[in-house]
Amino acid sequence: MKRQAHIYLLIFLITVSCAQKPDKVEKYSSNKKKVTAKDILGNPNYLAISYGGYRKESRDIQPTIEELKEDLKILHAMNIKLLRTYNVQLPHAANVAKAISEIKKDDPAFEMYIMLGAWIDCKNAWTGLPVDHNVESEQNEGEIERAVAIANEYSDIVKIIAVGNEAMVKWATSYYVQPGVILKWVNHLQNLKKEGKLDKDLWITSSDNFASWGGGSNEYHTNDLNKLIASVDFISMHTYPMHDTHYNPRFWGVAHKEDSLTSLEKIEEAMLRSRRYAESQYHGVERYMKSIGVEKPIHIGETGWASYSNEHYGNNGSKATDEYKEALFYKHMRDWTEKEGMSCFYFEAFDEIWKDQQNPGGSENHFGLFTIDGKAKYAIWDLVDKGVFEGLTRGGNPIVKTYKGSKEALLIDVSMPPIKKELVIAP
């Protein structure tokens, strides 16, 4: 009887052991599951950001792989897991993918992906010759080929290709093309997916101003745009309220009904209106998309707020730019897009001083959440307090707060937005 009991016990243990094995295998498999753009976009666990690792006055000086790794570890500590790059003419984007790949080999827990930008131009762009916006640059084909090669080499990292950056908006007078050019290359990439020459789960888009996606004036509402909207896997839309504090400031400034508010409350109201202005541009694109019978995701491909400007947006203009307002905009955009289930490629991770070499005080040099030397701007002081950057450096500098962490010192540089009647819409 005792021997029979032992047999029953042995059978029971084997049965339990076998019953547990599928769960373990399933758990292991889920951890190794291929992550796709569909899984990432709109997922709050994969915060997105625009990234350029340039630290010098010229892009001729490319960041090293070690410098890129330094940046990637800083961003990963912030829960940034999706980067947007802008072109593959230079080594930067391929090196970012390589740096991610090398970090992953050393640390399997490291997770980061790329929306790879392929730059698109019109004929004679940047040459000094008369541009032709109806004919594309001969360089575009090579740019697309390079993007395809990088996407295939790093298929575990590159999850999206964006054809063009603000390449259709008509104020980009140096290089814009007609929507048919973007459509041509988007369709080309979609066909490569069908032919098995690109990962079938790779998503294709174009990243452009809200007006270019039909959210503005009727001049953009063309058949080619409608075909493009149908062809992309999602719409990557740009919105920049900061620029419009000068160019179209109907939402900006302090209203008379806000006279009783404190100075910081007035600024808060102005920044909330800025977010609602961005929302209105999103809804404009959404309405146009639905009006042509298309239903697909829209994500914020780019938005941001500079922390300094000596131009239209600074103290001699709309008084929009400082670290305090930048921080409010960053928070409001993250809150809104997360609530709506959208990704937001916030522009940008680090200041890049090559963008306006002739004017160090130009706004284009000051959109980063970090300064060139790795100081965290006010928008992310809380992350410094939480210790997420402990042990991390940029250029050998530990990650510390701007203004030596003094909010009082920071507020000295904050200007009140003008009274609304003082604002004039620029031509």
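Residues numbered from 1 in each chain as written. Predicted model: local features only at pLDDT ≥ 70, side-chain atom pairs only at ≥ 80, totals over all residues. Heavy atoms only, no water.

Asks: Just to check I follow, could you spell out the overall build of the protein chain for this structure?
Replies: Regarding its fold elements, the protein chain presents 12 helices and 12 strands. Relative to its full complement of 427 residues, the protein chain shows a buried share of 53%. Considering only residue pairs separated by 6 or more positions, the protein chain has 74% of its internal contacts joining residues 24 or more positions apart. For the protein chain, the exposed surface amounts to about 20,100 Å²; the carbon and sulfur share of it is 52%. The averaged location of the 59 negative side-chain charges in the protein chain is 6 Å from the averaged location of its 53 positive side-chain charges. (Helix = DSSP H or I, 4+ residues; strand = E, 2+ residues; numbered from the N terminus. Buried < 20%, exposed > 50% of the residue type's maximum accessible area, 1.4 Å probe, protein only. Contact = heavy atoms within 4.5 Å. Areas by Shrake-Rupley, 256 points an atom, 1.4 Å probe, with all protein chains shown as cover. Lys, Arg positive; Asp, Glu negative; His and termini not counted. Charge placed at Lys NZ, Arg CZ, Asp CG, Glu CD.)

Asks: It is not clear to me how the packing of helix 5 (residues 140–153) against helix 6 (residues 179–194) should be interpreted in this structure. Could you clarify?
Replies: Packed helix pairs are specified by the crossing angle of their axes together with the interaxial distance, meaning the distance between the axes. Across the interface, helix 5 lies against helix 6 with an axial gap of 12 Å and an inter-helix angle of 30°. By the angle class used here, helix 5 and helix 6 are roughly parallel. Along this stretch, helix 5 crosses helix 6, giving a crossing that reads as right-handed. Across the interface between the two elements, Asn140, Glu141, Ile144 and Val148 of helix 5 pack against Val181, Trp185, His188, Leu189 and Leu192 of helix 6. Across the contact of helix 5 with helix 6, the residue classes break down as six nonpolar, two polar and one charged. (Axes fitted to C-alpha atoms, helices over the stretch in contact; angles between N-to-C directions. Parallel < 35°, antiparallel > 145°, perpendicular 65-115°, else oblique. Left-handed = near helix turned anticlockwise from the far one by under 90°. Nonpolar A, V, L, I, M, F, W, Y, C, P; charged D, E, K, R; others polar.)

Asks: Explain the packing of helix 3 (residues 65–77) against helix 4 (residues 92–106) here, please?
Replies: The interhelical angle for the contact between helix 3 and helix 4, taken along N-to-C directions, is 65°, at an axis separation of 9 Å. When the axes of helix 3 and helix 4 are compared, the pair comes out roughly perpendicular. Pair helix 3 / helix 4 crosses with right-handed handedness. The residues of helix 4 that touch helix 3, namely those facing Ile65, Leu68, Lys69, Leu72 and Lys73, are His92, Asn95, Val96, Lys98, Ala99, Ile100, Glu102 and Ile103. Looking at the contact of helix 3 with helix 4 residue by residue, the class counts come to seven nonpolar, two polar and four charged.

Asks: For this particular structure, what's the right way to read the environment of His366?
Replies: Tracing the sequence through the fold places His366 in the loop between strand 10 (344–346) and helix 11 (381–386). Between the alpha carbons of His366 and Ile40 there is a distance of 28 Å; along the sequence they are 326 residues apart. In this structure His366 touches Ala306, Ser307, Tyr308, Glu326, Asp351, Pro360, Gly361 and Lys377, once residues within four positions along its chain are discounted.

Asks: Got a minute to help me understand helix 7 (residues 223–231) in this structure?
Replies: Helical geometry note: an α-helix holds 3.6 residues per turn, so side chains three or four residues apart project in the same direction. Restricting attention to buried positions, one finds in helix 7 the residues Leu225, Leu228, Ile229 and Ser231. For helix 7, the buried positions fall inside an angular range of 165° around the axis, keeping them on one side. Turned more than 90 degrees from where helix 7 packs its buried face, Asn223 and Lys227 sit exposed. Of the surrounding elements, those touching the buried residues of helix 7 are helix 6, strand 8 (235–238) and helix 9 (263–291). (Arc of directions from axis to C-beta.)

Asks: Whenever I open this one, the packing of aromatic side chains confuses me. Can you help?
Replies: Each pair of aromatic rings is reported with the distance of its centres and the angle of its planes. Applying the stated rule across the entire model yields 19 aromatic pairs. Note on Tyr51 and Phe350: the rings are 6.2 Å apart at their centroids and 75° apart in plane angle, and the pair reads as edge-to-face. Of this pair, Tyr51 sits in the loop between strand 1 (47–50) and helix 3 while Phe350 sits in the loop between strand 10 and helix 11; the two residues are 299 residues apart in sequence, bridging distant segments of the chain. The pair formed by Tyr51 and Phe350 is uniform in burial state, with each residue classed as buried. Between Trp119 and Tyr175, the ring centres sit 5.2 Å apart and the planes meet at 40°, which makes this aromatic pair tilted. Taken as a pair, Trp119 in the loop between strand 3 (113–118) and strand 4 (122–123) and Tyr175 in the loop between strand 6 (158–165) and helix 6 lie far apart in primary sequence, 56 residues in all. In this structure, Trp119 and Tyr175 share a single accessibility class: buried. (Phe/Tyr/Trp six-rings, centres within 6.5 Å; stacked < 30°, edge-to-face > 60°.)

Asks: It is not clear to me how the pairing of strand 2 (residues 80–84) should be interpreted in this structure. Could you clarify?
Replies: Where a strand is regular, its side chains alternate between the two sheet faces. For strand 2, a buried count of five out of five residues is recorded, marking the element as mostly surrounded by other parts of the structure. With four bridges connecting them, strand 1 and strand 2 associate as parallel partners. The residue of strand 2 that forms the bridge with Ile49 is Leu83. Following the backbone out of strand 1, through helix 3 and into the adjacent parallel strand 2, one traces a crossover that is right-handed. As judged from the three bridges shared by strand 2 and strand 3, these two strands associate in the parallel manner. By the bridge assignment for strand 3, Leu83 is matched with Ile114. After leaving strand 2, the chain enters helix 4 and then returns to the sheet as strand 3, a path that is right-handed. (Pairing = 2+ DSSP bridges. Right-handed = clockwise from strand over helix to strand, strands pointing away.)

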